[in-house]
Number of protein chains: 2
Amino acid sequence: MARDVRMKGFAERADVEVVEAFLAERTRALPAEAVDLLECVGRVIAEDVSAEVDVPGFARSAMDGFAVRGEDTFGASAYDPLRFRVLGTALPGRPFEGHVGRDTAVRVMTGAPIPVGADAVVMAEVCTESDGQVEVREAVAPHRHVGSVGEDIRCGDLVLRTGRRLRAQDAGLLSSIGVASVRAVRSPRVQLVVTGDELLPAGSRPGGSHIVDSNSVVLRALVRRDGGVNLPFEILPDEIEVIRDALLADADVILVSGGSSVGQEDHAPRLVAELGELDFHGVSMRPSSPAGVGHIGDTLVVLLPGNPVSCMCAYEFFAGPCIRALAGRSREWPHRRVTLPLARKISSAVGRTDYVRVAIEDGKVIPIATSGASILSSTVRASGCVIVERAHEGMPEGALVEVRLYDDEPPAGTLP
Amino acid sequence: MARDVRMKGFAERADVEVVEAFLAERTRALPAEAVDLLECVGRVIAEDVSAEVDVPGFARSAMDGFAVRGEDTFGASAYDPLRFRVLGTALPGRPFEGHVGRDTAVRVMTGAPIPVGADAVVMAEVCTESDGQVEVREAVAPHRHVGSVGEDIRCGDLVLRTGRRLRAQDAGLLSSIGVASVRAVRSPRVQLVVTGDELLPAGSRPGGSHIVDSNSVVLRALVRRDGGVNLPFEILPDEIEVIRDALLADADVILVSGGSSVGQEDHAPRLVAELGELDFHGVSMRPSSPAGVGHIGDTLVVLLPGNPVSCMCAYEFFAGPCIRALAGRSREWPHRRVTLPLARKISSAVGRTDYVRVAIEDGKVIPIATSGASILSSTVRASGCVIVERAHEGMPEGALVEVRLYDDEPPAGTLP
């Protein structure tokens, strides 16, 4: 316990915008991989997709009724119905194999292939069938109630462009054109490196001089939200060799939480500088001023302070946008933003970017008064955050501010 | 193939609002189940959660520096520093076991327990240590730079209320108070019943008179979005006994796609009426007029038309809100809404609710001109939908309309 305690401040703090610009320049969508159709929703495709088939591939009935040659119905009316001989039935997936000629008809269900020779469908509502014949009380023009080959998608159509984040219906469309898997941007693999001898794993009961790790719980959920894949994780002892090994993980992004300041036990910054490059360490922001950014080979390393609010804030500023960008998504804040007046002023300092947790009540924005970066409960009480930019000394009561909401949930449901 | 084709129209069509109100009355959050802390984000808790511990459970240093008795520093200044004997070091998770008395100090790192006897921390920046002594150049009041017991959360605090949809930081907070699992609303189990002899399973190549099932692909993704769990699924033959068995599945919700109109092969409505109750069949809407709603025991059954756009539309109107409500979430549209002017008029008919796919270009809403409910590609081209309510004959060019967006994605990222 009698080790030397080296303590010094940060030589120089970088501006938030400088770090953001550096990261935006450096992080691009990862290479593509094949993704199964049933897993592709939410992923970003890395190729233009064109249809290699027509959908539908056959003319089909858009109605329940009778397939006929349209011209044969000309003159039919309720007063002067025309009669057709019924040859059989066509059902979806079960075509009628014969030929429809003059004054003959085939019963069809919606979606059934139109039999050869027929070119129109008379709706069941204007037909009466008996004794192998059908009486038609309305004329139909050729092509009426017939879905033509390729009416949904034509062979060769460009259906989805590269960079598209797939929605449910996009996957449905891919299915309909016979696609079984798509090329999508690979999901970034994210390794958490959480150190701290005071930490107990999530699910433990806190006690003595130990607290339970919450940062990994928050970070893993945010990584998932942003399209990353969490690699296996355990809390590491604050030992230099262990952290060195962890920083050499095969990952696209390493998030270090704890041990990233400038005190005795803060091995991570020195190790990043030794194994790769420590691009920034110390940022003019509150909280999270001890945050840092570096890289080891192609792996991005983000140093997140151990205090829970600082950790979350530094994630949202630096790590989240990069993980989204690596996944091919927009770097932008992934939830809604709302603009509302401030109920109370926010104080800040020129030259420093502030991340202020706020609640929203009665259409007003209420800064959550709290001193500390260690007060995780402030982020739980908050609806979102307001960023006070470097050039501002704060914001007065009544000023319109943009709140980045913490989720997209509409007003809550009611439990029984 | 020579089976009887019974075709008749719907006796009476229900108004959309009537069906919605019926469902809103009938679907409430499911009972709770235990959910592991690491899986709880996005789930809705079904209990108030109070802390059974203080966080932190011990007074801790908020700074790197020296723990002292604050009153002993009074009078210290850069011109007149005071000297303290250094007894040892306290690190996070590794307390100093001795007692701090008059004019003694213990080195502390941020997060370290404050040693017994000390009540304040002097920042390292105003201290100089040498030869077992530390020179202090600034006075600190008692409690300065000390995080007190329970400063984040106090034992007994209500931290999360029932009905809350958990966010990343909520899970972090639960972790910090030693919670390993929470009671959350059970996720509704959803069984798809997709029938159609014309259908090939997703991943197949379409051919002949067969098309590839897209509805199950779309529905499974929407069910996941809405907090449901998809039960195992395969396309069923259009046979009455097979569909009967499927309708008796142990599920909270059954979504029937295809075979839900009033034609010969449409077994599902009759079977629902036979096995339970067919509450509505036929709705005054376009598309999706053949949609229906029923229940078999406690299982909600939603009949979705087989045409892809109708299927998706009926899901969004009737099934989606119920699945979200069963999961404890808001029934409301789960994505953003934007209000913008119409670039072209929308025609509708009084007495019928229309679901219009629209694109957004240059800040204007463009209805996607398409005739058919079978044109899935129209939903892919669309940014969202506009609902034209029953009382309206349509909407003129320039009218402000609310668009329900199909996703929450900010403007797209750039691929390399």
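Each value, and the rule that gives it
Residues numbered from 1 in each chain as written. Chains lettered and ligands numbered in written order. Predicted model: local features only at pLDDT ≥ 70, side-chain atom pairs only at ≥ 80, totals over all residues. Heavy atoms only, no water. Least-squares fit on C-alpha atoms with pLDDT ≥ 70 in both. Contact = heavy atoms within 4.5 Å. Pairing = 2+ DSSP bridges. Helix = DSSP H or I, 4+ residues; strand = E, 2+ residues; numbered from the N terminus. Axes fitted to C-alpha atoms, helices over the stretch in contact; angles between N-to-C directions. Buried area = accessible area lost by both parts, 1.4 Å probe. Salt bridge = Lys/Arg side-chain N within 4 Å of Asp/Glu carboxyl O. Polar contact = N/O pair within 3.5 Å; in protein donor to acceptor, adjacent residues only side chain to side chain. Buried < 20%, exposed > 50% of the residue type's maximum accessible area, 1.4 Å probe, protein only.

## Quick look at the relation of the copies chain A and chain B
Then step 1. Turning chain A through 180° and shifting it by 0.0 Å along the axis lays it on chain B, with an RMSD of 0.0 Å. What the superposition gives is, in effect, a two-fold axis relating one chain to the other.
Then step 2. Both copies contact each other with a shared surface, as 100% of the interface residues of chain A are interface residues in chain B too.

## Digging into the sheet that holds strand β8 (residues 127-130) of chain B
Residue and element names in this part refer to chain B.
Then step 1. The mixed open sheet is built from six strands, whose spatial order is β7-β4-β6-β5-β9-β8. The open sheet has two edge strands, β7 (120-123) and β8, and neither has a second partner. Averaged over all pairs of adjacent strands, the angle between their axes in this sheet comes to 40°, without regard to strand direction.
Then step 2. The sheet contact formed by strand β5 (residues 82-90) and strand β6 (residues 104-108) spans five bridges and is parallel. Each bridged residue has a counterpart across the sheet, and for Arg85 the counterpart in β6 is Thr104.

## Describing the interface of chain A and chain B
Then step 1. In this complex, chain A contributes 100 residues to the contact, which on the side of chain B involves 100 residues.
Then step 2. At the boundary of chain A with chain B, total buried surface from both sides reaches about 8200 Å², with 60% on carbon and sulfur atoms.
Then step 3. Put simply, chain A and chain B have four salt bridges between them.
Then step 4. Taking the shortest distance from any N to any O, the salt bridge between Arg205 of chain A and Glu52 of chain B comes out at 3.4 Å.
Then step 5. Here chain A is connected to chain B by 23 residue pairs in polar contact (both at pLDDT 80 or more).
Then step 6. Of all the secondary-structure elements, those providing two or more residues to the side of chain A that touches chain B are β6 (104-108), β11 (158-160), α2 (168-176), β15 (211-212), α3 (215-225) and α7 (377-381) of chain A.
Then step 7. Counting residues per element, the side of chain A that touches chain B draws most heavily on α2 of chain A, at eight residues.

## Thoughts on unusual backbone geometry
Then step 1. Here the bond from Arg286 of chain A into Pro287 of chain A is cis, since omega is -5°, no more than 30 degrees from zero.
Then step 2. Relative to the helices and strands, Pro287 of chain A resides in the loop between β19 (285-286) and β20 (292-296).
Then step 3. One non-glycine residue, Asp131 of chain B, lies in the positive phi region at around 50°.
Then step 4. Positive phi, normally seen in glycine, also occurs at His143 of chain B, with a value near 80°.
Then step 5. Relative to the assigned elements, His143 of chain B resides in the loop between β9 (133-136) and β10 (146-147).
Then step 6. Under the relative-accessibility criterion, His143 of chain B is labelled exposed at 62%.

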